[in-house]
Amino acid sequence: MALHVKTHNNDVLKRQIVLHLMLIPAVIIVAIYSYGPLFGVVIAFQKYIPAKGIIGSEWVGLENFVQMFTMRDSVQIIWNTFYISILKVIANLLFPIILALLLHEIPKQFFRRTVQTILYVPYFLSWVILGGVIKSFLAPDGFVNRFLLGLLGIEPILFLGDKNIFVPTLIVTDLWQNAGFNTIVFLAAITNVNPELYEAATVDGANRWKLVWNVTIPGMLPIIILVATLSLGNIMNAGFDQIFNLYSPPVYETGDIIDTYAGWVY
Amino acid sequence: MNIKKLIALFIVVIMCTGILFACSNANQKNKANEKETQSTGNENVLSPKEDGPLVPYDPEITVTSHLSSLDPTIKFTETETPEDNVWTRAYKNDLGIKVEYLWTANSEQGTEKMNLAIASNNLPDIMRVNRMQFEQLVQAGKLADIKDAYEKLAGSFIKETMSRPGGEEAMKVVSRDGKMYALPYFLNCTDDTKNIWIRYDWLKKLNLPEPKTLDDVIEIARAFTTKDPDGNGQNDTYGFVMHKDSLTYSGLATFFNCYHAYPGIWIKDDQGKLINGVTVSERMKPALQKLNELYKEGVINKAFGSLDWSSNILEDLMNNKVGIVFGGLWEGWWPLGEMKVADPNVEWKSYPVLSIDDKPAKAQSMRVLFNGFNVVRSDFEHPEVLIKMANLCVKYMWESDAETFAKYGYDSAGNNPWLLCPVYFEAPGKNHTLYLKTVKALDTGDTSDLNGEEQLIYGWMKDYLNGDMSRYGIYLSYGHDSSCAKMEHYLNNDLYMLDEFYGNPTESMLEKNTILEKLFQEYGYKIIIGELPVDSYDEFVEEWYKQGGEDITNEVNEWYNSIN
């Protein structure tokens, strides 16, 4: 660690003034566009009419909240939101770790890089496109069902039309879209593990599995904790885009979340 | 080192001032525009004596508006753009009005942009808004009173339309306290006429009789499912179309009407009070029961809950997989009629709603249905501009010859410039008149009293009768025994079940209607697939009332008592 040298405050300021100046435009933009609108939360306590604006709309206290919580479906949609988002957070943490570990085992750089890129591509597609693709893939007469019927003789499964299968389908397709991103982060963490640790462990008689369990994973732990903490912010975010593009009447009961339900109430 | 620092600082300062510049420039442009429109406005006040329905403005005035109808269905030729087309030129040359569009968008984005404009108080001078937006703007006092302008400048076509049945109700809706706030674009009951479409060539092939009752239709549906009507040796056909939006109130209304059930509209109960047709269990349950039966038999596609009309169902229709559509007036024009181009053997026939018992079936319909409200913002100097532009629309669309109509309305190449008209006015029931006049012309050969559009349609139907298969859809819509022909059947036998409510959406309606419709969807769907027994419909009715239906019913009856 570098020694702390006590310098005069002025010197510090002089060196850092340019940095502060560069930050100022960004800070202003964030303040105006991200913090400013936070005050709009007062709309929750008003009978808001867009034409009248915030100032002209009447104050109704907790009436909106009462209305929301006494609606028949409120408990169901809140439960759905938590259930789906928590499952997604867990899946999006576990699966990329496994994927990263597997990818790390691939010796050929070219092959590994190709697989990485392919994994990463769905991340950039919007749910409007993905929705269309997935709907036709999982349709009763779509690719997946024809495969199941032809090769395994299973009756067509209504992936998007059966309320019990809908949520697992959501998780899997969400994984398909997002796994690539976290995988790369974890791969980077894995490559940062000191190779000397691996050598030392092998010398001590560790097999491949023990290597992974005792060297790689603990080496990744700081990054895993970081990613897990960041994804905690997604607890109530069950993925409006995805659900809106994939749901239909048969699955409202298990698929409707707070965000999509809001579309019905307005 | 110092120079590097200086340069860096310099760049930062430039970036900051650049941002500030951009903001202030935009503001200045807006201010300049406002000043322009204000100054040209002031020199233009015509004295009431000189003004008339189509008297132009001299010097020219600029009117801002918007286009919210640029859907993929709109087509125009290479020389036309949304900003410069037959309509904008007509307004300029005939009325001295330069139209500037603040934005152009398709219908979905257009509604959002309009909502944004309302929220940010950035309204165009003239606009077309939907019912909710109209209510909001009227309540907020943002619309100009056009009663004077209407009385003095509206042409006879407009005034006549507004004083006929349908028009009177519309007038009531747009007027408050003696003031008039919009020129409505509205339709009447004949514009919402229910039809059952059946694959006629399949009917003939399987030697089935033409249906006279709903039971006949159900037998036909069963035959279509089991007897391989398209002759391809595979058991891949089913009876009738249902898709994920079929269980909205109006989605399968044609089917429910056959059971004397009228979901979604307001009808009188035995005590003369208004109730919503969806709450009448004794009528809805038998219909749902039958749907459940047909679902189990495979007459309805088992996956219908996730099927999309515009992709899955369209495919099924085109691939000869299904033979009955419970619909309205326009399925014949598109997509059913189109099928004949690919396969001339395809034949469709439309039937009115057929009853399940010995009482004749009525079709539910709106008394008046608003497609839009043409409004002027309250601070604009020339509110009468709305009326004059509407007069021009009438002149080119309804009071001209076939050539003019093809230029401004729609033509055989599929161009439809009428969608580019910012102030659109049409006589409700126009399709009814069109049907009567063109069929008469087909029978007598006398086309002397047909207006532009009528001549166009007549020409196309004649083409079909002479062998042009691409015009089949039009003949199915306006020809002999077409979907529009059913209007006569319903009108002459008093078989329209009219919605008794046509007032402004009440408060509870605005808040609760979508939730209640969704409730109906849920219960309806579960009963049809057999997850819930038919008797759970009574539970649904209770829930419907509890979740807001009761408030809505009370408000509707309040309104009904206030106008009667």
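The rules behind these values
Residues numbered from 1 in each chain as written. Chains lettered and ligands numbered in written order. Predicted model: local features only at pLDDT ≥ 70, side-chain atom pairs only at ≥ 80, totals over all residues. Heavy atoms only, no water. Helix = DSSP H or I, 4+ residues; strand = E, 2+ residues; numbered from the N terminus. Rg over C-alpha atoms; globule rule 2.2 N^0.38 Å. Buried < 20%, exposed > 50% of the residue type's maximum accessible area, 1.4 Å probe, protein only. Contact = heavy atoms within 4.5 Å. Buried area = accessible area lost by both parts, 1.4 Å probe. Salt bridge = Lys/Arg side-chain N within 4 Å of Asp/Glu carboxyl O. Pairing = 2+ DSSP bridges. Axes fitted to C-alpha atoms, helices over the stretch in contact; angles between N-to-C directions. Domains from an automatic or database assignment. Arc of directions from axis to C-beta. Patch = residues over 30% accessible without salt bridge, like charges linked within 9 Å, V, L, I, M, F, W, Y side chains within 5 Å. Areas by Shrake-Rupley, 256 points an atom, 1.4 Å probe, with all protein chains shown as cover. Polar contact = N/O pair within 3.5 Å; in protein donor to acceptor, adjacent residues only side chain to side chain. Phe/Tyr/Trp six-rings, centres within 6.5 Å; stacked < 30°, edge-to-face > 60°. Lys NZ or Arg CZ within 6 Å of the ring centre and 35° of its normal.

Draft legend 1. Here's a closer look at the overall build of chain B. When its secondary structure is counted, chain B shows 22 helices and 15 strands. Against the 2.2 N^0.38 benchmark of 24 Å for 564 residues, chain B shows a C-alpha radius of gyration of 27 Å, consistent with a compact globule. Overall, the C-alpha framework of chain B stretches about 85 × 70 × 65 Å when taken along its three principal axes. Burial statistics for chain B: of 564 residues in total, 55% are counted as buried. Within chain B, residue pairs in contact and separated by at least 24 positions form 74% of the contacts whose partners lie at least 6 positions apart.

Draft legend 2. Spatial organisation of the interface of chain A and chain B. Across the boundary between the two partners, chain A contributes 30 residues, which contact 31 residues of chain B. The junction of chain A with chain B conceals about 2,700 Å² of combined surface from both sides, 60% of it contributed by carbon and sulfur atoms. One can count four salt bridges joining chain A with chain B. Measuring nitrogen to oxygen at the nearest pair gives 2.7 Å for the salt bridge that ties K518(B) to D256(A).

Draft legend 3. Spatial organisation of the sheet that holds strand β14 (residues 368-376) of chain B. Residue and element names in this part refer to chain B. Spatial ordering of the open sheet is given by β3-β14-β6, a layout of three strands whose pairing is antiparallel. Strands at the two margins of the open sheet, each flanked by one partner only, are β3 (126-129) and β6 (183-188). Here the strands of the sheet are splayed against their neighbours by 15 degrees on average, with no regard to which way each runs. Two strands pair when backbone bridges link them, and β3 and β14 are joined in this way by four bridges, in the antiparallel orientation. Counterpart to R128 in the pairing with β14 is N374. Sheet strands in contact with helix α7 (residues 167-174) are β6 and β14, and its direction is about 45 degrees off that of β14.

Draft legend 4. Up close: the domain arrangement of chain A. Looking at the assigned domains, one finds that chain A contains domain 1 (1-61) and domain 2 (73-265). A separation of 34 Å is found between the C-alpha centroids of domain 1 of chain A and domain 2 of chain A.

Draft legend 5. Region of the structure containing the pattern of salt bridges. Residue and element names in this part refer to chain B. In the structure shown here, the tally under the stated rule is 33 salt bridges over all chains. For K244, the salt bridge goes to D245, with nearest N and O atoms at 4.0 Å. The class for D245 is partly exposed, based on a relative accessible area of 38%. Taken together, the salt bridges that share partners define one network made up of E219, R222, K290, E293 and E297.

Draft legend 6. Expanded view of helix α6 (residues 127-137) of chain A. Residues and elements named next belong to chain A. Listing the buried residues of α6 in full gives W127, L130, G131 and I134. The arc that holds the buried residues of α6, viewed along the axis, is 105 degrees, so those residues lie on one side. Tucked inside the fold, the buried residues of α6 contact α8 (163-191) and α11 (240-246).

Draft legend 7. Spotlight on unusual backbone geometry. Residue and element names in this part refer to chain B. Cis geometry is found at the peptide bond from W334 to P335, where omega equals 10 degrees. As for its position among the elements, P335 is in helix α13 (residues 332-336). The backbone phi angle of N121 is positive, close to 60 degrees, even though this residue is not glycine. In this fold, N121 is placed in the loop between α3 (107-119) and β3. Of note in the backbone geometry, D494 takes a positive phi value of approximately 55 degrees without being a glycine. By the element assignment, D494 lies in the loop between α20 (486-492) and β15 (496-498).

Draft legend 8. Region of the structure containing the pairing of β6(B). All names here are of chain B. The buried fraction of β6 is high, at six of six residues. Across the two faces of β6 the burial is the same, with L183, Y185 and L187 and P184, F186 and N188 all buried. In this structure, β6 lies alongside β14, joined through six bridges in antiparallel fashion. Within β14, the residue paired with P184 across the bridge is F373.

Draft legend 9. Local environment of a nonpolar patch on the surface. A cluster of nonpolar side chains, namely V121(A), L125(A), V128(A), I129(A), V133(A), F137(A) and F143(A), defines an oily patch on the protein surface of about 640 Å² accessible area. Structurally, F137(A) is set in helix α6.

Draft legend 10. Expanded view of the sheet that holds strand β12 (residues 348-351) of chain B. Residues and elements named next belong to chain B. Read from one edge to the other, the open sheet built from four strands follows the order β8-β11-β7-β12, with strand pairing classed as mixed. The sheet is open, and its two edges are formed by β8 (238-240) and β12, each paired on a single side. Across the sheet, the mean angle separating the axes of adjacent strands is 15 degrees when strand polarity is ignored. Inspection of the sheet shows strand β7 (residues 195-199) paired to β12 by four bridges, in the antiparallel sense. Paired with I198 across the strands is K349, a residue of β12. The strands touched by helix α9 (residues 214-226) are β7, β8 and β11 (322-327); relative to β11, the strand with the most contacts, the crossing angle is about 145 degrees. In this fold helix α12 (residues 309-318) packs onto β8, β11 and β12, with an angle of close to 130 degrees to the strand it touches most, β11.

Draft legend 11. Here's a closer look at the side chain of T225(B). Residues and elements named next belong to chain B. With respect to the secondary-structure elements, T225 resides in helix α9. Polar side-chain contacts of T225 include one of 3.2 Å to the backbone nitrogen of G239. If we skip the residues at most four places from it in the chain, T225 touches N235, T237, Y238, G239, G298 and V299.

Draft legend 12. Seen up close, the packing of aromatic side chains. Residue and element names in this part refer to chain B. Applying the stated criterion to the full structure yields 49 aromatic pairs over all chains. Centre to centre, the rings of F255 and Y259 are 5.6 Å apart; their planes meet at 45 degrees, and the pair counts as tilted. The structure contains a cluster of three or more aromatic residues connected by ring pairs, namely F240, Y249, F255, F256, Y259, F326, F520, Y523, Y537 and F540. The side chain of K302 reaches across the aromatic face of Y295, ending 5.6 Å from its centre. Directly above the ring of W460 sits R471, whose terminal nitrogen or CZ lies 4.8 Å from the centroid.

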